[in-house]
Amino acid sequence: MSRFSIARWLGCVTILLVLRSVAMAEEPKTAASRPVLLFTVPEYCEGIVFDHAGNGYISHGAEITRFTPDGKRSLWATTGAPNGHKILADGTHLVCDKSQHAVLRLSANGKPLTPAATDCDGKPLRGPNDLTLDTPHGGFYFTDPEESDLENRIGTVHYVDHNGKTSLIDHGLAYPNGIVLSPDGKRLWVGESMTNRVLVYEVEGPGKVKNRKIFAQLPLKNDQLGQINNLPDGMCLDDQGNLYVAHYGMQRVQVLDPSGKWIKQLDGGNLTTSNVAFGGPKMNRLFVTGGLATGQGGLFRLDLEGTKGLTITPQISLHSEK
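The structure contained in this document is the topic of the report that follows. (Residues numbered from 1 in each chain as written. Predicted model: local features only at pLDDT ≥ 70, side-chain atom pairs only at ≥ 80, totals over all residues. Heavy atoms only, no water.)

### Points about the layout of surface pockets
Gaps between atoms show up when a probe of the same size as a water molecule is rolled over them.
Next, step 1: When its volume is computed, the largest pocket comes out at roughly 740 Å³.
Next, step 2: In terms of lining, the largest pocket is formed by 39 residues, of which the most central are L310, T311, I312, T313 and P314.
Next, step 3: Elements represented by at least two residues in the lining of the largest pocket include exactly β2 (45-50), β6 (82-87), β11 (131-134), β15 (176-181), β19 (231-237) and β23 (275-279).
Next, step 4: Considering every element that reaches the lining of the largest pocket, the biggest residue donor is β23, with 5 residues.
Next, step 5: Looking at the lining of the largest pocket, its residues break down into 22 nonpolar, 13 polar and 4 charged.
Next, step 6: If you add up the space inside the second largest pocket, you get close to 410 Å³.
Next, step 7: Along the walls of the second largest pocket sit 25 residues, with Y44, E46, N83, N129 and Y175 positioned nearest its centre.
Next, step 8: Looking at the lining of the second largest pocket, the elements with two or more residues in it are β2, β3 (56-60), β6, β7 (93-97) and β19.
Next, step 9: Examining the composition of the lining of the second largest pocket, we find that 3 residues originate from one element, β19, more than from any other.
Next, step 10: By residue class, the composition of the lining of the second largest pocket is 12 nonpolar, 8 polar and 5 charged. (1 Å grid on protein atoms, 1.4 Å probe; cavity = no way out; pocket = protein on both sides within 12 Å on 5 of 7 lines; lining within 4 Å. Points joined across faces, edges and corners; volume = space filled by probe spheres on them. Helix = DSSP H or I, 4+ residues; strand = E, 2+ residues; numbered from the N terminus. Nonpolar A, V, L, I, M, F, W, Y, C, P; charged D, E, K, R; others polar.)

Laid out in structure tokens, this is it:
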């Protein structure tokens, strides 16, 4: 090797080492908050949500379990394969269910009502996964990732308006999963699991989006830490606009600021971290779902001092459907 080649090689090595050191310096450390296991259920769980009274709900197997603020648990509904879950102002629940190929509607007592969405433009839905409310306009967005992956990018994102019409707003995605609408309704985030990234859309109006961009490329798994995958799953926001992403296979919740910068990571308590939601009297508790090594599902709580979650449950309506 010539002196020039050696010098060039040493220069390249130096540059790589510098870049590596910068990347390591910029990588946020895992926050000190320790997850507390609240309880387990027989199967992997997800779909965490809270109602107006502070009661929580998690989806697992064919069932939805309800738990009260004092820790009592009970079977609330059996739907088949429930997942993402939100609650409307009148107490009606919307639940994505893969087995029924629909976004279901249930009463406050878990009674089945007419489904909110079963098809789009005459084509049956494959398997809705998660949803986010567009409260000012009476609609909601949801993802349908079923049967999609990197080789078969058929995942879709939909909007259901206040009249119940379902529209296609994007397609060609590799497993669109968690979905969140900003409080001002101007940005829509979608986690694309198989590409390990979060996408963001500009929202022009109810169900009208444009300029899909990559909001953030998430970190890759670290085999030395026992991490097994890197798939963004459920998401939520705090009141400062930071996005919290359950990172399946990483035992982490990744926190991104409004610009998409990776600012913090939290210990999710379980390796297959699936979903996140803020709750508690002060909205400073982050609840995390997922699966345990035993095959059971676990609900974890992280107490985040100085952080307050965004309230997503619409204000109570005077009228409710029984």
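### Quick word on the packing of aromatic side chains
Next, step 1: In total, this model carries 9 aromatic pairs according to the counting rule given.
Next, step 2: The interplanar angle of 85° and the centroid separation of 5.9 Å between the aromatic rings of F50 and F67 together place this pair among those described as edge-to-face. Here F67 lies in strand β4 (residues 63-67) and F50 lies in strand β2, a separation of 17 residues in the sequence. Each member of the pair F50 and F67 is classed as buried.
Next, step 3: Measuring from ring centre to ring centre gives 5.9 Å for W189 and F215, while their planes differ by 70°; the resulting arrangement is edge-to-face. With W189 in strand β16 (residues 187-192) and F215 in strand β18 (residues 208-217), this pair connects stretches of sequence that are 26 residues apart. Taken individually, W189 and F215 each receive the classification buried, so the pair is uniform in this respect.
Next, step 4: Through a chain of ring-to-ring contacts, three or more aromatic side chains come together here, namely F39, F50, F67 and F287. (Phe/Tyr/Trp six-rings, centres within 6.5 Å; stacked < 30°, edge-to-face > 60°. Buried < 20%, exposed > 50% of the residue type's maximum accessible area, 1.4 Å probe, protein only.)

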